[in-house]
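Descriptive analysis of the structure
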Amino acid sequence: MTSILIKNISQLLTLSGADIPRIGNGMMHVGEIHNAAVLIEDDKIIYAGAESDAPDKAELTIDADNCCVTPGLVDPHTHPVFAKTREAEFVMRLEGKPYMEIAAEGGGIMSSVKSLRDVEKNQLKEMTRKRLDGFINYGTTTIEAKSGYGLTTEDEIKSLEIIKELNEEHPLTMVPTFLGAHSIPTEYKNDRDEFLRIVIEEMLPKVVENNLAKYCDIFCEKGVFDAEESRLVLARAMELGLKIRIHSDEFEPIGGTELAGELKAASADHLTAVTDSGIQAMKDGGVTPIVLPATTFFLGHTHYSPARKMIEQGLPLAIATDFNPGSSMTHSLPMAMTIACINMKLLPQEALNACTVNAAYSLDLQEQIGTIEKGKNADLVIWDTENFNQVVYHFGVNHAKTVIKNGRVVK
């Protein structure tokens, strides 16, 4: 049995509390303990509380050096499997070209599709492995990981197999999501019904047969998939036993969020253009709203998701990076939290709940992660600050000093 005692913690934020997603004023609760310690045995937390009451025997003692400790961060929306970066498009946007115009001209998602199809699996896997290190480096210990840059059965399976293999080889936990309906590929732009048939009748059954995904997602947006097309894909996924998520209301409200509520999806993501009816539908359907502030920031937009309104309406808000090569090239959830606090008017406590407890609930992992409590997985971050407010306040700097994943020091 391996044991680790973390002592001399200035501020321990356990996030412990009622076994429910955090809503309303509950998103201000962070389970704060000063002069604290945490004891880990093997991969589980055994004790979290005052240092004066902590067991004093452990094989390894880590001095937190009067710093802050939180649960490992949980990023519930990422796209880590891709081949080439898209900095040329970044420059095009700086020059004034809109993202959707770039996409219509063969850039955007289709640019990533072309490059992924041209790369063999082992090379793509090593590219992805390096990106997973980036999440750990910024204090994230669990991510939701989507496919979606293959858009053929072979290339979607290739992407999901990489996620599955790296889940067994890399310390980061990945929750796999099939996103075969990320865009209409160029070869089917004049026959979208045939592509939808391939997604529904070929891709989905093969994904399920090979146990490659927990969730199915779709990009429900004007110019991509409409609400009825999204219904067909998600309904079939549910029939096959997958849980569902949905990209919705990023640019225009076309009914995707209402569909998420109707189908009781695990999450609706983006929500920049969400309407009051969409917010109500999420509340009625028990859907977690996942906002992506870094995406809005990176695209140079000024209209952010109405996170404050969703909290006031009693929804369990979560925050994600949307890490991807086109619209949000960042591993840093702390940076996303800073943007959310400034532009969505969240407080740091709310942002931390959104990146731990609520994100864990959105992935159905609340029994294992998201809080620092006895019996939970030992996923923790020691930040190089005395309190967590400083992590959000001192932006653009990586404050993750030590990262522990399943009881092992991985940074």
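Located above this text is the structure these notes cover.
Residues numbered from 1 in each chain as written. Predicted model: local features only at pLDDT ≥ 70, side-chain atom pairs only at ≥ 80, totals over all residues. Heavy atoms only, no water.

Glancing now at unusual backbone geometry. Among all residues except glycine, the phi angle is most often negative; among peptide bonds, the trans geometry is most common. Unlike most non-glycine residues, Asn35 shows phi in positive territory, near 50°. Counting through the fold element by element, Asn35 comes out in strand S2 (residues 32–41). Phi at Asp364 is positive, roughly 60°, even though this residue is not glycine. Residue position: Asp364 is located in the loop between helix H14 (357–362) and strand S13 (380–383). (Helix = DSSP H or I, 4+ residues; strand = E, 2+ residues; numbered from the N terminus.)

Right, let's get into the packing of aromatic side chains. Enumeration according to the criterion identifies five aromatic pairs in this entry. Look at Phe82 and Phe323: their rings are 5.8 Å apart centre to centre, the planes differ by 45°, and that puts the pair in the tilted class. Taken together, the positions of Phe82 in the loop between strand S5 (73–78) and helix H1 (87–94) and Phe323 in the loop between strand S12 (318–319) and helix H12 (333–343) put the pair 241 residues apart, joining distant regions of the chain. Ring geometry for Phe90 and Phe298: centres 5.2 Å apart, planes at 10°, overall stacked. (Phe/Tyr/Trp six-rings, centres within 6.5 Å; stacked < 30°, edge-to-face > 60°.)

Spatially, S5-S6-S7-S8-S9-S10-S11-S12 is the arrangement adopted by the eight strands of the open sheet, whose pairing is parallel. Strands with a single pairing partner mark the edges of an open sheet, and in this sheet they are S5 and S12. On the sheet, helix H6 (residues 192–209) packs against strand S7 (173–181) and strand S8 (215–220) and is oriented at approximately 150° with respect to S7. (Pairing = 2+ DSSP bridges. Contact = heavy atoms within 4.5 Å. Axes fitted to C-alpha atoms, helices over the stretch in contact; angles between N-to-C directions.)

On to helix H9 (residues 276–285). Taken together, the buried positions of H9 are Gly278, Ile279, Ala281, Met282 and Gly285. Summarising the axial view, the buried residues of H9 lie within an arc of 160°, below the 170-degree limit, and thus occupy one face. When the buried face of H9 is taken as reference, the exposed residues oriented beyond 90 degrees from it are Asp276 and Asp284. Buried residues in H9 make contact with helix H8 (256–263), strand S10 (267–270), strand S11 (288–291) and helix H11 (307–312). (Buried < 20%, exposed > 50% of the residue type's maximum accessible area, 1.4 Å probe, protein only. Arc of directions from axis to C-beta.)

Summarising burial for strand S1 (residues 3–13): nine of the 11 residues are buried, a large majority. With eight bridges joining them, S1 and S2 adopt antiparallel strand pairing. By the bridge assignment for S2, Ser3 is matched with Glu41. Inspection of the sheet shows S1 paired to strand S4 (residues 60–71) by seven bridges, in the parallel sense. Bridge pairing in S4 places Lys7 opposite Asp63.

Its place among the elements puts Asn377 in the loop between H14 and S13. What Asn377 contacts, discounting residues up to four positions off in sequence, is Asp43, Lys44, Ile45, Gln368, Ile369 and Asn406.

A few words on the sheet that holds strand S15 (residues 408–409). In space, the seven strands of this open sheet follow the order S3-S2-S1-S4-S13-S14-S15, with mixed pairing throughout. With partners counted over all chains shown, the strands left at the sheet margins are strand S3 (44–50) and S15, one partner each.

It is worth spelling out the nonpolar core at this point. Formed by 97 residues in total, the largest nonpolar core has its most connected members in Phe178, Met282, Ile319, Leu346 and Phe388. In terms of residue count, H6 provides more of this core than any other element does, eight residues in total. When sequence neighbours within four positions are dropped, the list of residues in contact with Met282 reads Thr257, Ala268, Leu271, Val274, Val287, Pro289, Met310 and Leu315. (Core = buried A, V, L, I, M, F, W, Y, C linked by side-chain atoms within 4.5 Å.)

Before going further, it helps to spend a moment on the pattern of salt bridges. Tallied over the entire structure, the rule returns 27 salt bridges. Note that Glu194 and Arg197 form a salt bridge whose closest N and O atoms lie 2.9 Å from each other. With Glu194 and Arg197 both in helix H6 and three residues apart, this pair spans about one turn of that helix. With relative accessibility at 25%, the residue Glu194 sits in the partly exposed group. Assessed through its relative accessible area of 28%, Arg197 is described here as partly exposed. With a closest N to O distance of 2.4 Å, Asp276 and Lys309 form a salt bridge. You can see Asp276 sitting in helix H9 and its partner Lys309 sitting in helix H11, a full 33 residues away along the chain. Of the residues examined, Lys309 reaches a relative accessible area of 34% and is grouped as partly exposed. (Salt bridge = Lys/Arg side-chain N within 4 Å of Asp/Glu carboxyl O.)

As a further point, take a nonpolar patch on the surface. A grouping of Phe90, Val91 and Leu94 is seen on the molecular surface, where their side chains present a nonpolar patch of about 270 Å² in accessible area. According to the relative accessible area criterion, Phe90 is partly exposed, its value standing at 32%. (Patch = residues over 30% accessible without salt bridge, like charges linked within 9 Å, V, L, I, M, F, W, Y side chains within 5 Å. Areas by Shrake-Rupley, 256 points an atom, 1.4 Å probe, with all protein chains shown as cover.)

This brings us to the environment of Val391. Positionally, Val391 belongs in helix H15 (residues 388–393). Owing to a relative accessible area of 2%, Val391 belongs among the buried residues under this scheme. Taking the C-alpha atoms as reference points, Val391 and Met335, separated by 56 residues in sequence, lie 9.0 Å from one another. Setting aside residues no more than four positions away along its own chain, Val391 makes contact with Pro334, Trp383, Thr385 and His399.

Just distances and angles here, no functional claims.
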